[in-house]
Amino acid sequence: EAKGSGAILDKEGHIVTNNHVVSGAKQIQVTLDNGDIYSAKVVGTDSTTDLAVIKLDNPPKDLTPITFANSDSLTPGEPIMAIGNPLGYDGTVTTGIVSALNRPVTVMDEENNNAIVTNAVQIDAAINPGNSGGPTFNAAGQVIGINSSIASTASSTQTAGSIGIGFAIPSNLVKRVANEIIKDGKVIMRDHAWNQPSLQKAVAECKQRAKDADIVE
């Protein structure tokens, strides 16, 4: 049983989360902040960005959608706040700053079994297993990214925990991918992946970092 987090996109009940949270799920249940539980179905996924959109069955009329920030305007040192369901503790809030921008993070393309490197926002707010798919906000209450992974010195995901190095998928990319999934059920254009020269450089950087820290869900 996988547990994760998500962010409400619209009043129709669309929710963005991580692909790895819903991948292979036979049944999806969503617990809202007020404790109400709804069933949901997958609208579409994009493994190259580790993003997915699900939709609540018979959503309530009082849903409050998130507002996206412009992630191109982020600066290191900017205060942020992450909200999620770490280790099953729903509604957990942690704070920190944007530590760095354009960090190369590797995800797997499940269709072709290839490693894809994308840019991520590095944050130092504590995020742990269960935070995946949850939003990180700026001081204005706008979502700057969707949390996807952490760096860890642990040998497995079962023992992994926050060491102050987390990664979020930038909001501009999340918004574009989510809109395409809602419209077409999938992502048509995948120009968000690195081109080959950039990929080779990014993979080299990732391998260097991996000597001391592994990326885990």
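Residues numbered from 1 in each chain as written. Predicted model: local features only at pLDDT ≥ 70, side-chain atom pairs only at ≥ 80, totals over all residues. Heavy atoms only, no water.

A. The overall build of the chain, seen in detail. Along the chain, the regular secondary structure elements total three helices and 12 strands. The 217 residues of the chain split such that 47% are buried. Long-range pairs, those at least 24 residues apart, make up 62% of the contacts in the chain between residues at least 6 apart in sequence. (Helix = DSSP H or I, 4+ residues; strand = E, 2+ residues; numbered from the N terminus. Buried < 20%, exposed > 50% of the residue type's maximum accessible area, 1.4 Å probe, protein only. Contact = heavy atoms within 4.5 Å.)

B. Inspection of the pattern of salt bridges at higher detail. Following the criterion strictly, the structure yields two salt bridges and no others. Residues Lys41 and Asp57 are paired through a salt bridge, measuring 3.2 Å at the closest nitrogen-oxygen approach. Here Asp57 lies in the loop between strand S5 (51–56) and strand S6 (79–84) and Lys41 lies in strand S4 (residues 37–46), a separation of 16 residues in the sequence. What makes Asp57 partly exposed here is its relative accessible area of 23%. Between Glu180 and Arg176 there is a salt bridge, with its nearest N and O atoms 3.6 Å apart. Pair noted here: Glu180 and Arg176 are both in helix H2 (residues 171–184), with a separation of four residues, about one helical turn. A relative accessible area of 16% places Glu180 in the buried class. Take Arg176: its relative accessible area is 32%, and that puts it in the partly exposed class. (Salt bridge = Lys/Arg side-chain N within 4 Å of Asp/Glu carboxyl O.)

C. Focus on the nonpolar core. Judged by nonpolar contacts, the single largest core of 17 residues is most densely connected at Leu9, Val16, Leu51, Ile146 and Val174. For this core, the elements supplying multiple residues, two or more each, are S5, strand S10 (143–152) and H2. Top element by residues in this core is H2. It accounts for five residues. Once you skip the residues sitting within four places of it in the chain, Val16 turns out to touch Gly6, Ala7, Leu9, Leu51, Ala52, Gly133, Ile146 and Val174. (Core = buried A, V, L, I, M, F, W, Y, C linked by side-chain atoms within 4.5 Å.)

D. Just the sheet that holds strand S3 (residues 28–31), in detail. An order of S1-S2-S5-S4-S3 is seen for the five strands of this open sheet, with the pairing classed as antiparallel. Strands with a single pairing partner mark the edges of an open sheet, and in this sheet they are strand S1 (7–8) and S3. Sheet contacts for H2: strand S2 (14–18), S4 and S5; angle to S5, the most-contacted strand, approximately 55°. (Pairing = 2+ DSSP bridges. Axes fitted to C-alpha atoms, helices over the stretch in contact; angles between N-to-C directions.)

E. Main features of the side chain of His14. Here His14 lies in strand S2. One polar contact links His14 to Asp10, side chain to side chain, over a distance of 2.9 Å. Discounting chain neighbours no more than four positions away, the residues touching His14 are Ala7, Ile8, Leu9, Val43, Val53, Ile54, Lys55 and Ile182. (Polar contact = N/O pair within 3.5 Å; in protein donor to acceptor, adjacent residues only side chain to side chain.)

F. Fine view of the environment of Gly161. In this fold, Gly161 is placed in the loop between S10 and strand S11 (166–170). Among the residues examined, Gly161 registers a relative accessible area of 22% and is labelled partly exposed. With 35 residues separating them along the chain, Gly161 and Ala126 place their C-alpha atoms 8.6 Å apart. Not counting residues up to four positions away in its chain, the partners in contact with Gly161 are Asn128, Ile150, Ala151 and Ser152.

G. Fine view of unusual backbone geometry. Within the chain, Asp50 stands out as a residue other than glycine whose phi angle is a positive 60°. You can see Asp50 is positioned in the loop between S4 and S5. Owing to a relative accessible area of 9%, Asp50 belongs among the buried residues under this scheme. Of note, the phi angle at Asn102 is positive, near 55°, even though the residue is not glycine. Assignment of secondary structure puts Asn102 in strand S7 (residues 92–109). Overall, Asn102 belongs to the exposed group, its relative accessible area being 55%.

H. Spatial organisation of the confidence of the model for the chain. Per-residue confidence for the chain gives a mean pLDDT of 84, with 78% of residues at or over 70. Note that pLDDT drops below 50 for residues 193–200; the model gives that stretch nine contacts with residues more than four away or on any other chain. Low pLDDT, under 50, characterises residues 206–217; the predicted model gives this stretch 26 contacts beyond four residues in sequence or across chains. (pLDDT = per-residue confidence, 0-100.)

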